[in-house]
Amino acid sequence: MRASSLILLAILALAAVPFKAAAEERLLTLHAAPELIESGLIKYLLPRFTLKTQVRVNLTEPPTDATLDTTAAPLFLGADGAGGPWGLTISNTTDATARFEDWLTGEIGLKTVLAYAPEGAPLYAAAERAAEAAPVLELTGDVAEGYRVSRAKCARCHSVDEATRMTSIGSTPSFAVLRALPGWADRFVGFYVLNPHPAFTQVAEVTPPFDEARPSPIVPIHMTLEEVDHVLAYVATLAAADLGAPLAQQ
């Protein structure tokens, strides 16, 4: 099955809710299908979820036999019994599982899944929907902090404002140009998986360490997911560069 054809669906199976201590409400156990773990999607998703909700996730692979005991863990993320689309099964509703469901099946979770592109091309596509109004981009970062991070960690390659126009690499698109591209927000959310960034960028708790046999060719850039959100908030305030009308064949 082609990875790009996989669609995340929410399939809920709710059971009785036992009382849990407050500390346990900040921890959940997640069974994930090996295919999703091997694709890197889970490692891409979970740090973002934890950053937003402060809920920690204990990740395990599901049992190998055909009959999955859904009481073994509150959540199961994988293919349904008929081998159909990827789904989310909740067998034990708690505050933590509810937060995960809301996040994964909401706009932010969907955008995060669609932004996962380890080789520069997205692995997953959204299901086709009827035409509807474009969703409003939800920004949680700090604009001022995003400007500071952009100047400190992005300006050696990109022009992030007028002051850095002459100090960046001329062949590298400026933030204003990137802001004008379709899907600009997704590009910034997952920039660290888009070439050439993986060769010199480390995002805490997300990207794997550099291969010792293939060290970074330049001084590495170290960021956190929170800083990525700050940069996104800053870029959202920029005026998009005028790229002119599309070329038309005569």
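One structure accompanies this document, and this report is about it.

Calculation rules
- Residue numbers run consecutively from 1 along every chain, following the written order of its sequence.
- Per-residue local features are limited, in this predicted model, to residues with pLDDT of at least 70; the limit for side-chain atom pairs, both in listing and counting, is 80 or more; totals at the level of whole chains, interfaces and linings are taken over all residues.
- The basis for the side-chain values is all heavy atoms of the structure; hydrogens and waters are excluded.
- Helix and strand assignments come from DSSP, with helices taken as H or I runs of at least 4 residues and strands as E runs of at least 2, each series counted from the N terminus.
- Only protein chains enter the accessibility calculation, which uses a 1.4 Å probe; a residue whose area is less than 20% of its type maximum is buried, one above 50% is exposed, and one in between is partly exposed.
- Contacts are assigned to residue pairs with any non-hydrogen atoms lying within 4.5 Å of each other.
- For the area figures, the Shrake-Rupley method with a 1.4 Å probe applies, and any residue is considered shielded solely by the protein chains shown.
- Pairing of N or O atoms within 3.5 Å defines a polar contact, subject to two protein rules: one partner must be a possible hydrogen donor and the other a possible acceptor, and residues neighboring in sequence count only if both atoms are side-chain atoms.
- The arc in question is traced by the directions running from the helix axis to the C-beta atoms.
- Our working definition of a disulfide is a cysteine sulfur pair at a distance within 2.5 Å.
- Stacked, tilted and edge-to-face pairs are distinguished by plane angle, under 30 degrees for stacked and over 60 for edge-to-face with tilted covering the rest, among Phe, Tyr and Trp rings (Trp via its six-membered ring) whose centres lie within 6.5 Å.

### Quick look at the overall build of the protein chain
Within the protein chain, the regular secondary structure consists of eight helices and seven strands. When burial is assessed residue by residue, the protein chain has 37% of its 250 residues classed as buried. At a minimum sequence separation of 6, the contacts of the protein chain that also span at least 24 residues come to 65%. Counting only carbon and sulfur atoms, one obtains 58% of the accessible surface of the protein chain, whose full area is about 14,400 Å².

### Re the side chain of Thr201
Position of Thr201 relative to the elements: it lies in strand E6 (residues 201–203). Every residue in contact with Thr201, bar those within four places of it in the chain, is listed here: Phe191, Tyr192, Thr207, Phe210 and Ile221.

### Regarding the side chain of Ser150
Of note, Ser150 is situated in helix H5 (residues 143–153). A polar atom in the side chain of Ser150 sits 2.7 Å from the backbone oxygen of Gly146. If we ignore the near neighbours within four places in the chain, the residues touching Ser150 are Ala155, Val160, Phe175, Val231 and Tyr234.

### Observations regarding H5
Listed in full, the buried residues belonging to H5 are Gly146, Val149 and Ser150. Relative to the axis of H5, the buried residues are bounded by an arc of 100° and lie together on one face. Relative to its buried face, H5 has exposed residues pointing more than 90 degrees away, namely Ala144 and Ala152. Tucked into the core, H5 has its buried residues touching helix H6 (175–179), strand E7 (221–223) and helix H8 (225–236). Backbone nitrogen of Ala144 and a side-chain oxygen of the N-cap are separated by 3.2 Å at the start of H5; the cap is Asp142.

### Here we look at the state of the cysteines
Scanning all chains against the criterion turns up zero disulfides. Not part of a disulfide, Cys154 finds its nearest cysteine sulfur in Cys157, a span of 8.7 Å. Since its relative accessible area comes to 18%, Cys157 is described here as buried.

### What about the packing of aromatic side chains?
What the rule picks out here adds up to eight aromatic pairs. On the basis of an interplanar angle of 45° and a centroid distance of 5.0 Å, the ring pair of Tyr44 and Tyr116 is categorised as tilted. Of this pair, Tyr44 sits in helix H2 (residues 41–53) while Tyr116 sits in the loop between helix H4 (107–115) and H5, placing them 72 residues apart in sequence. The two residues Tyr44 and Tyr116 agree in class, both being buried. Pairing Tyr44 with Tyr192 gives two aromatic rings, centres 6.1 Å apart and planes at 45°, and the pair type is tilted. Here Tyr44 is found in helix H2, whereas its partner Tyr192 is found in the loop between helix H7 (184–189) and E6, with 148 residues between them in sequence. A residue is classified by how much of its surface remains accessible, and Tyr44, at 3% relative accessible area, is buried. Of the residues examined, Tyr192 reaches a relative accessible area of 3% and is grouped as buried. The rings of Tyr44, Tyr116, Phe191 and Tyr192 are connected pair by pair, giving a single aromatic cluster.

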